[in-house]
Every structure is written in structure tokens, then in C-alpha cells.
Amino acid sequence: MILMPLTLLTACGERDDIVVYETTPVAGYDWPNTAKWDDSHEGRVWEVPAGWVATEDFSDLLIADYRFAGQTEDLPGRMTVSVVPGDGGGMQANISRWRDQFFFAVRLNERLRDRLSRELLYDTGFQRLEIVRMQGDFMNRHAPTDMRVAVYTFNDAKGRPFQTWFFKLTGDRETVEKAWPQFIRVIFSFRNQGQEPIDIDALLAEPSVGEDPDPPPLLRRPEGDRP
């Protein structure tokens, strides 16, 4: 913890703009070589890569928080999982919320469109999976950061969103780029509890020219299934 000496505060007088941050150092952390495992919530299951550590120090807005070794010793990578009813206010509202986690100067940058991208992986009518990528200086890291969010939106029989899941990967750009293949495996391992995991290696195999990749079969709605 870094604390400003009380003598300095007294000498300067009362200041409204002084902020004292408490930080937990991670430099030199011996990341355990744990095997991959499954985590679950509300009847859904996903695979957690080997070496990723589940933490318990997160807000009530999240349902899971994982850390893993980064490219720099004092800056680990992070993946969080959250779920909201409906569509969470819509994609544009969610993007604005994530953008607000970056420095103000980045949010006003005229080239923000070059720092933000969206990619629709598939939309079955029942389920939609979209990837949002954003780059900038993250508020709590003061370092060039890459944010990638997998957004799963589930619709009811009438096509109305009833639940949305967010898998958010953040870290310095080298760390996130290196973790990207593992992150892809996480989001494609996402399935209903009790269902057998799919063959992710076969699913992620590059499709033939002119062939559209299919969504994970086990995430398609079974006949007669209704939320």
C-alpha cells in the first residue's frame, strides 16, 4: 500500500483533489500451474484455461474474476464474467460503459473508431455472439490496454432478449494478444450445464473457402425448449 505522509498533507493544507489509492502488488507472484477446469453459474458452464486463477475480490456486478500471468511482471491479465437480464440496455449502451473505463482524453479522441471494432460471429435468432475490441489507456492501469468482450445475447421464442452474458478480457496488448486463443476456447466452451463439451479443436478449425462457420451445436436451442 502506498500512503502519502501525513506531514505533507498537513503542510499543504486541506486539498479536495488529493486521492490516495490502495493497491495490491502482484510483482513476483508465483502463478500456479493449475490444470484447466470448469466453472459454472445459473445453469451455464465454461472452461477456465490452465494457469488462470479465480479471485474472490470483485464487485457484486460480476459472477467470476480470473487473473493470469502477463507479459510484464507487475501487470497480470484479467477475464471477468457477468450476466444481466435482457440486453443490458443494448450494445451501444454497453460500449459506452466500457469506453468510460478509459481515460477521458481517449474517449474524446477523434480516431476512436480506429480503437474500437465489433464483429458478429453468429446470430441464430435464439442466440447472438458478438466480439467488441477496444484499445486505449485503462483508467486503473495507466498503461496501453486491450479490451475484448464476448457478448452472448439469448432471445426468447419471440426474439426478445431475456439474458446477456459478458466475458471481458483485459490486459496490456501483448498479454491480451497472447491470451486470445485461450479466450476463444473459453467462449466456445460456454454451454448448458449437464451437456457434454463440444470438440473445440474441430470447431475452431479453419472452414473451407466459401463455407460459413457454424455456432457451437450445444448452444442451439433444442426443439421445444423455451426460456
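Quick caveat, the model's predicted, so the values are computed rather than measured.

Thoughts on the overall build of the protein chain
- A count of helical and extended segments in the protein chain gives six helices and 10 strands.
- Across the 227 residues that make up the protein chain, the buried fraction comes to 36%.
- In the protein chain, 50% of the contacts between residues at least 6 apart in sequence involve partners at least 24 apart.
- Summed over its atoms, the accessible surface of the protein chain is roughly 13,800 Å², and 51% of this surface lies on carbon and sulfur atoms.

Digging into the pairing of strand S9 (residues 161-172)
- Counted residue by residue, S9 has 10 buried out of 12 residues, so it is predominantly covered.
- Relative to S9, strand S5 (residues 75-85) runs antiparallel, the two being bridged by eight bridges. Within the sheet, the bridge partner assigned to threonine 80 lies in S9 and is lysine 168.

Concerning the sheet that holds strand S1 (residues 37-41)
- Pairing in this open sheet of three strands is antiparallel, and the strands run S1-S2-S10 from one edge to the other. Taken across any chain shown, the strands that pair with only one partner, and hence form the sheet edges, are S1 and strand S10 (191-192).
- Sheet analysis places strand S2 (residues 44-48) next to S10, joined by two bridges and oriented antiparallel. Bridged to valine 45 within S10 is arginine 191.
- Lying on the sheet, helix H5 (residues 173-189) is in contact with S2 and S10; it crosses S2 at an angle near 160 degrees.

Examining the side chain of arginine 148
- Within the fold, arginine 148 resides in strand S8 (residues 144-155).
- Judged by relative accessible area, which is 3%, arginine 148 ranks as buried.
- In terms of polar contacts, arginine 148 uses its side chain to reach the side chain of glutamate 177, at 2.7 Å.
- If sequence neighbours within four positions are ignored, arginine 148 has contacts with Val132, Arg133, Phe167, Lys168, Leu169, Val176, Glu177, Trp180 and Phe183.

Some points on the pattern of salt bridges
- Scanning all chains against the criterion turns up 11 salt bridges.
- A salt bridge links glutamate 47 to lysine 36, with the nearest nitrogen and oxygen atoms 3.9 Å apart. Of the two residues, glutamate 47 sits in strand S2 while lysine 36 sits in the loop between helix H1 (6-12) and S1, which places them 11 residues apart along the sequence.
- Taking the relative accessible area as the measure of exposure, lysine 36 reaches 52% and is therefore exposed.
- In this structure, aspartate 38 engages arginine 191 in a salt bridge whose closest nitrogen and oxygen atoms are separated by 2.9 Å. Taken together, the positions of aspartate 38 in strand S1 and arginine 191 in strand S10 put the pair 153 residues apart, joining distant regions of the chain.
- On the basis of relative accessible area, arginine 191 is assigned to the buried category, the value being 8%.
- Residues joined in a network through salt bridges with shared partners are Arg118, Asp123, Arg128 and Glu130.

Things to note about the confidence of the model for the protein chain
- Confidence along the protein chain averages 75 in pLDDT terms, with 69% of residues attaining 70 or more.
- Here H1 stands out as the element of the protein chain with the lowest mean pLDDT, 35, in contrast to S2, whose mean of 94 is the highest.
- Throughout residues 1-28 the model reports pLDDT below 50, and contacts reaching past four residues in sequence, or to other chains, amount to 15 contacts.
- The model gives residues 217-227 a pLDDT under 50, and that stretch makes 25 contacts with residues more than four places away or in other chains.

Examining the nonpolar core
- If you look at the biggest cluster of nonpolar residues, it comprises 28 residues, and the most contacted ones within it are Trp46, Met79, Tyr152, Trp165, Phe167 and Ile187.
- Within the residue set of this core, elements represented by two or more residues are S2, strand S4 (64-72), S5, strand S7 (127-137), S8, S9 and H5.
- In terms of residue count, H5 provides more of this core than any other element does, eight residues in total.
- Grouped together as the second largest cluster of nonpolar side chains are 10 residues, Val132, Met147, Val151 and Phe166 included.

Points about helix H2 (residues 91-99)
- All of the buried residues along H2 are Met91, Asn94, Ile95 and Trp98. Along the axis of H2, the buried positions cluster into a sector of 100 degrees, meaning they face one direction only.

Regarding the environment of arginine 173
- Looking at the secondary structure, you find arginine 173 in helix H5.
- For the pair arginine 173 and glycine 77, spaced 96 residues apart in sequence, the C-alpha separation works out to 9.7 Å.

Thresholds applied
Residues numbered from 1 in each chain as written. Predicted model: local features only at pLDDT ≥ 70, side-chain atom pairs only at ≥ 80, totals over all residues. Heavy atoms only, no water. Helix = DSSP H or I, 4+ residues; strand = E, 2+ residues; numbered from the N terminus. Buried < 20%, exposed > 50% of the residue type's maximum accessible area, 1.4 Å probe, protein only. Contact = heavy atoms within 4.5 Å. Areas by Shrake-Rupley, 256 points an atom, 1.4 Å probe, with all protein chains shown as cover. Pairing = 2+ DSSP bridges. Axes fitted to C-alpha atoms, helices over the stretch in contact; angles between N-to-C directions. Polar contact = N/O pair within 3.5 Å; in protein donor to acceptor, adjacent residues only side chain to side chain. Salt bridge = Lys/Arg side-chain N within 4 Å of Asp/Glu carboxyl O. pLDDT = per-residue confidence, 0-100. Core = buried A, V, L, I, M, F, W, Y, C linked by side-chain atoms within 4.5 Å. Arc of directions from axis to C-beta.

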